[in-house]
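# Breakdown of the fold
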Amino acid sequence: MQKKSQCFPIILCLAILLLYFHNMSLLRTMKELQKNFKVFPLRNLIFSLNLSELNKSYCKNISKSLNGTVEIKHQAPSFSERKALADSVFVGGEYVPVGCDNPDHVAIIVPFRDRAEQLPVFLGHIHPFLMLQSIHYRIYLVDQQDNNEFNRAALMNVGFKESLKDFNWTCFIFHDVDTLPEDVRNLYSCPDQPRHMAVALDKWNYKPIGQAHFGGIVALRREHFQKINGLSNQFWGWGGEDDDMYKRVLAKGMKVTRYSAEIARYTTIKHNQAKMNPDRMKILKQVDGSFRSDSDGLSNLAYKLISCDLDDLYTNVT
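So, here's what we can say about the structure. (Residues numbered from 1 in each chain as written. Predicted model: local features only at pLDDT ≥ 70, side-chain atom pairs only at ≥ 80, totals over all residues. Heavy atoms only, no water.)

Tallied over the full model, the rule gives eight aromatic pairs. Geometrically, the ring pair formed by F160 and F225 is tilted, given 4.7 Å between the ring centres and 45 degrees between the ring planes. Separated by 65 residues along the polypeptide, F160 in helix 4 (residues 152-163) and F225 in helix 5 (residues 222-227) bring together distant segments of the chain. On the basis of relative accessible area, F160 is assigned to the buried category, the value being 3%. Given a relative accessible area of 0%, F225 falls into the buried group. Over the face of the ring belonging to Y206 we find R265, whose NZ or CZ atom lies 3.7 Å from the ring centre. (Phe/Tyr/Trp six-rings, centres within 6.5 Å; stacked < 30°, edge-to-face > 60°. Helix = DSSP H or I, 4+ residues; strand = E, 2+ residues; numbered from the N terminus. Buried < 20%, exposed > 50% of the residue type's maximum accessible area, 1.4 Å probe, protein only. Lys NZ or Arg CZ within 6 Å of the ring centre and 35° of its normal.)

Rendered as structure tokens:
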């Protein structure tokens, strides 16, 4: 008995040393993969990364070295490509980078309805794009399942609230499913002021359409979105909610920032344009965000959560 008890600490120490060197080998492999802008299989790691350790000095932020455009594919990823993506993120579409210094914690909120053909194209593009930027992110698909007109603004409010049940996200990017970023210098992060991301789109010949435009893709810090009380819940049908959001931002003493049109470039996935709400301008006047932002938005949001399912590449909020 005494000999066995003396051997046990030695065996335990050897096991710990073997595990340590194995993990160090995995870590070196992952860093090399990320250096070459490839993804790594998070699910195959023996050890788990504690989010509280993301601020440690071993991380190296590579975002400043990013340069140039990425390839845009209009086809859905193949089975093998989708599997590779799924092996590179946690279930629910969450990615935690290794090799970054204090990454942004970003919730990507995608209002969604009847865009099944566009979704795989979007996911196949956005995941590799975001991985290059070394941010901690998760993609939330907020799917409207009722017989009412599409309410993009309310879905954004729902996505904001539901995502915070998972993690204390510091940055929220509200993203159309039909719009693909082209340049990795267009960082998916939240600066000191709200940012309009989709400045130059191919369907507009990459020409900005005006300083008051705040649609498509926008980025706001958590405190910014709370300050404007989210978006108005009154915009049923397509159009108007982004104009109201712009008014809310200005009314709360903030300003909209943008990257240059050379960087903030996007390709749109072709589809039949949704019918524009003929009453959008009337509604815009009635719910003017300059005056009603305190009473109409997150504060009076009413919805029924049907389910919250974890897909390999996204979290589906219905």
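Looking now at helix 6 (residues 241-251). An α-helical segment advances 3.6 residues per turn. Residues three or four places apart therefore align on the same side. If you check which residues of helix 6 are buried, you get E241, D242, D244, M245, Y246, R248 and V249. In the segment just after helix 6, G253 is the residue with positive phi, at about 80 degrees.

With the rule as written, the count across this model stands at one disulfide. The partner cysteine of C171 in its disulfide is C190, sulfur to sulfur 2.0 Å. Because the sign of the S-S torsion sets the handedness, a value of about 75 degrees for the bond joining C171 and C190 places this disulfide among the right-handed ones. You can see C171 sitting in strand 4 (residues 171-175) and its partner C190 sitting in the loop between strand 5 (179-181) and strand 6 (195-196), a full 19 residues away along the chain. For the residue pair C171 and C190, the accessibility class agrees, reading buried in each case. (Disulfide = S-S within 2.5 Å.)

Strand order in the open sheet made by the three strands is 5-10-7, with mixed pairing throughout. Across the chains shown, the open sheet's two edge strands, defined by having one partner strand only, are strand 5 and strand 7 (200-201). Of the strand pairs in this sheet, strand 7 and strand 10 (residues 265-268) are connected by two bridges, and their pairing is parallel. In the sheet register, A200 faces strand 10, and the bridge partner there is R265. (Pairing = 2+ DSSP bridges.)

In terms of burial, strand 3 (residues 136-143) is a largely internal element, eight of the eight residues being buried. Burial along strand 3 is two-sided: H136, R138, Y140 and V142 and Y137, I139, L141 and D143, pointing in opposite directions, are all buried. Pairing of strand 1 (residues 94-95) with strand 3, which is carried by two bridges, proceeds in the antiparallel orientation. Residue pairing across strands places Y95 opposite Y137, the latter belonging to strand 3. As judged from the eight bridges shared by strand 2 (residues 105-112) and strand 3, these two strands associate in the parallel manner. Paired with A107 across the two strands is R138, which belongs to strand 3. Handedness of the crossover is the feature at issue here: the chain leaves strand 2, passes through helix 3 (residues 118-132), returns alongside strand 3, and the resulting connection is right-handed. Sheet analysis places strand 3 next to strand 12 (residues 315-317), joined by three bridges and oriented parallel. (Right-handed = clockwise from strand over helix to strand, strands pointing away.)

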